[in-house]
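Secondary and tertiary structure notes
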Amino acid sequence: MARILTAVFLMAAVTYLPRFLPVALMKGRLKSPFIKSFLYYIPYAVLGAMIFPGILNATGNPVTSVTGMITALILAYFEKGLVTVAVISIIIVYVSGLIVKYF
Amino acid sequence: MSSFNKGLKLGIPIAMGYIPVSFTFGLMAVQGGLSPWIAVLISLTNLTSAGQFAGTSLIISGGTLPEITLTTFVINIRYMLMSLSLSQKIVPNMPLAEKAVMSFGITDETFSVASLEKEDITFSYMLGIITLPYFGWAFGTLLGASASSLLPQDLKDSMGIALYAMFIALVVPASKKSKAALTVAVVAIAINSMLTWVPYINSLSSGWDIIISTVVACIFGAAVFPAGEVD
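These figures come from a predicted structure and were not determined experimentally.

1. Some points on the overall build of chain B
Helix and strand content of chain B: 12 helices and 0 strands. Mapped from its N terminus to its C terminus, chain B presents α and β elements in the order α-α-α-α-α-α-α-α-α-α-α-α. By the compact-globule yardstick of 17 Å for 231 residues, chain B fits well, its C-alpha radius of gyration being 18 Å. In chain B, buried positions account for 54% of the 231 residues. By sequence separation, contacts in chain B at least 24 residues apart represent 78% of the contacts at least 6 residues apart. When the accessible surface of chain B is totalled, it reaches about 9,300 Å², and 72% of it is carbon and sulfur. Across chain B, 10 positive and 12 negative side-chain charges occur, with their mean positions spaced 8 Å apart.

Set out below in structure tokens:
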């Protein structure tokens, strides 16, 4: 139990520090258009890299993972909300898992 | 409407989106043998998706403390970029104590929403955005941890898609509006795929892969589509 609590504490520390230090240390505004553009693109790059190829292992079955990915892409393209996309993707993955298993 | 209430309202869809994802986290932690209260403690103190999933699977699989710490840290380095990015958007002269509280709530989603704000970000506005997602994240974890034994395995496996579905729901609508943003996301995906599959360069951990992909894709974006769509 001590090992687990220590691990949780360390995880919390290395999650908080990257969030806190830059905003705490950075004074004033950056001038460079290059750096401003770089920072502007961060959410898109991070989300892209977080999605793929990690999503292929999301459900433990590549076929249902890809089905879920396509479902989420279609719903997101039509600008459905976070909850709708998440919940419908889960349902489609579940149903496609049953199909793969029994047919 | 006060800026806190305005933020609170923006936090509602994020908080609801967190429920299925943190639910999955709660399931995963309890299935791995952790107690429900440890799972909730992790969510309350970490408030992050990928980092705490990775750290917790290492706790479960018997990873060493340095391994757990380093893996979690590497996955979370992206927050430094977000924090730096937010430092350019907050009101000038925000006190350090307020920065200390506000920065705890930086997540992929709260950051994305706050980044889209036109005006400078105030403390009360950011606090508003963070509040509901924070409790939603903990509440979903508790639900998942409690429901673990009630749900069939197939359904639990299916819930693994929730985190990715939420990322897709964030990135796709924004990429539709900006060809530059779409290109940067696709470049990041291409680099991450190479770092995952191409022999010799596929030996790094996935956390490093994400940092390298992000930095290279953003340099690409800044070089090819400079400033065009900033502000």
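2. Some details on the pattern of salt bridges
Counted according to the given criterion, the structure contains 4 salt bridges over all chains. Between B:Asp120 and A:Arg29 there is a salt bridge, and its shortest N-O distance comes to 3.9 Å. Separated into two different chains, B:Asp120 in the loop between helix H7 (108–115) and helix H8 (123–147) and A:Arg29 in the loop between helix H1 (2–25) and helix H2 (33–51) make up a pair that spans both.

3. Some details on helix H6 (residues 96–104) of chain B
Inspection of H6(B) places B:Lys99, B:Met102 and B:Ser103 among the buried residues, and these make up the whole buried set. All buried residues of H6(B) fall inside an arc of 95° around its axis, so they share one side.

4. Considering the interface of chain A and chain B
Each partner contributes to the interface: chain A provides 66 residues, whereas chain B provides 102 residues. Taken together, the connections running from chain A to chain B amount to 3 salt bridges. The interface formed by chain A and chain B contains 25 residue pairs in polar contact (both at pLDDT 80 or more). Of all the secondary structure elements, the ones that give two or more residues to the side of chain A that touches chain B are H1, H2, helix H3 (62–77) and helix H4 (82–102) of chain A.

5. Quick word on empty space enclosed by the protein
Residues and elements named next belong to chain B. Taken as a whole and judged by the stated rule, the model has 1 cavity of 30 Å³ or more. Lining the largest cavity are Tyr18, Val21, Leu47, Thr48, Ser49, Tyr79, Thr107, Asp108, Glu109, Trp137, Leu163 and Met166. Of all elements in the fold, only helix H1 (3–31), H7 and helix H10 (161–177) reach the threshold of two or more residues within the lining of the largest cavity. For the lining of the largest cavity, a count of residues per class yields 7 nonpolar, 3 polar and 2 charged.

6. Section: the side chain of B:Asp209
Mapped onto the secondary structure, B:Asp209 falls in helix H12 (residues 206–224). One buried charged residue, B:Asp209, remains without a salt bridge, the closest side chain of opposite sign being B:Arg78 at 13 Å.

7. Re H1(B)
All names here are of chain B. The end-to-end C-alpha distance of H1, which contains 29 residues, comes to 41 Å, matching closely the 42 Å that a straight helix rising 1.5 Å per residue would cover. Of all bends in H1, the biggest is about 35°, found at Gly11, and the proline Pro13 comes one to four residues later. Positive phi shows up at Gly33, right after H1, with a value of about 105°.

8. Description of the nonpolar core
By size, the foremost hydrophobic cluster in this structure holds 90 residues, and its most contacted members are A:Ile42, A:Ile55, B:Ile59, B:Met126 and B:Ile168. Counting contributing residues per domain, this core is built from domain 1 (1–29) and domain 2 (31–102) of chain A, each supplying no fewer than three. Excluding its chain neighbours within four sequence positions, the residues that come into contact with B:Met126 are B:Leu86, B:Met102, B:Ile106, B:Thr110, B:Ala114 and B:Ile121.

Definitions and cut-offs
- Residues numbered from 1 in each chain as written.
- Chains lettered and ligands numbered in written order.
- Predicted model: local features only at pLDDT ≥ 70, side-chain atom pairs only at ≥ 80, totals over all residues.
- Heavy atoms only, no water.
- Helix = DSSP H or I, 4+ residues; strand = E, 2+ residues; numbered from the N terminus.
- Rg over C-alpha atoms; globule rule 2.2 N^0.38 Å.
- Buried < 20%, exposed > 50% of the residue type's maximum accessible area, 1.4 Å probe, protein only.
- Contact = heavy atoms within 4.5 Å.
- Areas by Shrake-Rupley, 256 points an atom, 1.4 Å probe, with all protein chains shown as cover.
- Lys, Arg positive; Asp, Glu negative; His and termini not counted.
- Charge placed at Lys NZ, Arg CZ, Asp CG, Glu CD.
- Salt bridge = Lys/Arg side-chain N within 4 Å of Asp/Glu carboxyl O.
- Arc of directions from axis to C-beta.
- Polar contact = N/O pair within 3.5 Å; in protein donor to acceptor, adjacent residues only side chain to side chain.
- 1 Å grid on protein atoms, 1.4 Å probe; cavity = no way out; pocket = protein on both sides within 12 Å on 5 of 7 lines; lining within 4 Å.
- Points joined across faces, edges and corners; volume = space filled by probe spheres on them.
- Nonpolar A, V, L, I, M, F, W, Y, C, P; charged D, E, K, R; others polar.
- Expected span 1.5 Å × (residues − 1).
- Bend = angle between axes of the 7 residues up to and from the residue.
- Core = buried A, V, L, I, M, F, W, Y, C linked by side-chain atoms within 4.5 Å.
- Domains from an automatic or database assignment.

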